[in-house]
Amino acid sequence: MNVLGSSYPPSQGAFSDEMATVMSSIVSFLSSNGSPFLANVYPYFSYTGSPGQIALPYALFSGDAPVVQDGTLSYHNLFDAMVDALYSALEKAGGASVWIVISESGWPSAGSDAATVENAQAYVNNFISHVTSSDGTPKRPGQPIDAYVFAMFNEDQKPGDAVERNFGLFFPSMLPVYPHSPSFIFCVYRAFMA
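This text gives an overview of the structure that appears in the document. (Residues numbered from 1 in each chain as written. Predicted model: local features only at pLDDT ≥ 70, side-chain atom pairs only at ≥ 80, totals over all residues. Heavy atoms only, no water.)

## Concerning the overall build of the chain
This is how it is decided: Helix and strand labels come from DSSP, where a helix needs a run of H or I of at least four residues and a strand needs a run of E of at least two; each type is numbered from the N terminus. Working definition: with a 1.4 Å probe on protein chains only, accessible area under 20% of the residue-type maximum means buried, over 50% means exposed, and in between means partly exposed. Between two residues, a contact is recorded if the distance between any of their heavy atoms is within 4.5 Å. Residue-level accessible areas treat just the shown protein chains as cover; the underlying method is Shrake-Rupley with a 1.4 Å probe. Think of it this way: Lys and Arg go in the positive column, Asp and Glu in the negative one, and His and the chain ends go nowhere. One atom stands in for each charge, and that atom is NZ of Lys, CZ of Arg, CG of Asp or CD of Glu.
The helix and strand inventory of the chain stands at 6 helices and 7 strands. Counting helices and strands in the order they occur from the N terminus, the chain gives β-β-α-β-α-α-β-β-α-β-α-β-α. Looking at the chain as a whole, 40% of its 194 residues are labelled buried. Partitioning the contacts of the chain with sequence separation of at least 6, the portion at a separation of at least 24 is 59%. Of the roughly 9,900 Å² of accessible surface on the chain, a fraction of 57% belongs to carbon and sulfur atoms. For the chain, the distance from the average position of its 6 positive side-chain charges to the average position of its 16 negative side-chain charges is 6 Å.

## Some thoughts on the sheet that holds strand 7 (residues 146-149)
Worth spelling out the cut-off: For two strands to be treated as a pair, DSSP must find at least two bridges joining them. Axis definition: a line fitted to C-alpha atoms, over the contacting stretch in the case of helices. Angles run 0 to 180 degrees between N-to-C directions.
Judged by pairing direction, the sheet is parallel, and its 3 strands sit side by side in the order 3-6-7 without closing on themselves. Only two strands of the sheet have a single neighbouring strand rather than two, namely strand 3 (37-40) and strand 7. The mean angle between the axes of side-by-side strands here comes to 20°, regardless of whether they run parallel or antiparallel. Bridge analysis of strand 3 against strand 6 (residues 100-105) gives 4 bridges, and the strand direction is parallel. Residue pairing across strands places Phe37 opposite Ile100, the latter belonging to strand 6. Contacts from helix 5 (residues 117-132) reach strand 6 and strand 7, with the element oriented near 160° to strand 7.

## Remarks on helix 4 (residues 78-92)
Stated precisely, the cut-off is as follows: How far a helix is expected to stretch is found by multiplying one less than its residue total by 1.5 Å.
Look at helix 4: 21 Å from first C-alpha to last across 15 residues, which is about the 21 Å you get at 1.5 Å a residue. Across the 15 residues that make up helix 4, a large majority, 13, are buried.

Below is the structure:
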């Protein structure tokens, strides 16, 4: 998401001035080749990077009421707002036909106040339910979201911030960090049986 200069409201999503020329070339290539734009979308970092500005339920897919109203589009979760901001940026760069694949998304289970097992479980289970529902986003309703959870395992030997070591669904011992939703089990089964 660092390529965006503007992301709020989602309809105002645009690539930053520094990235506009490079992104324009990339978007043109993707569009002419019928290829997707891969994006790492982490509501966790937006939530923790904007203290007091984003409600935790909005970041965890837990809210019931719309939090952001962008014209006729209502946003109930931060993930959809972030993805639609990218779609707006792609459209402005001439890539209206380019679709987005979420190459990474997740929530850490340790390393900061917001990085708890409960929050990670809520985010990942709600994320999986959302992307397997085929609801799409407000800007692209009914369009399935291709997405991948980061990461399968905690990286206990990774250097740096503790948050970065704790995005896994499983500990290195292969024990689950938290119980996973039936949707997750189905996705894993389907992936291995394909």
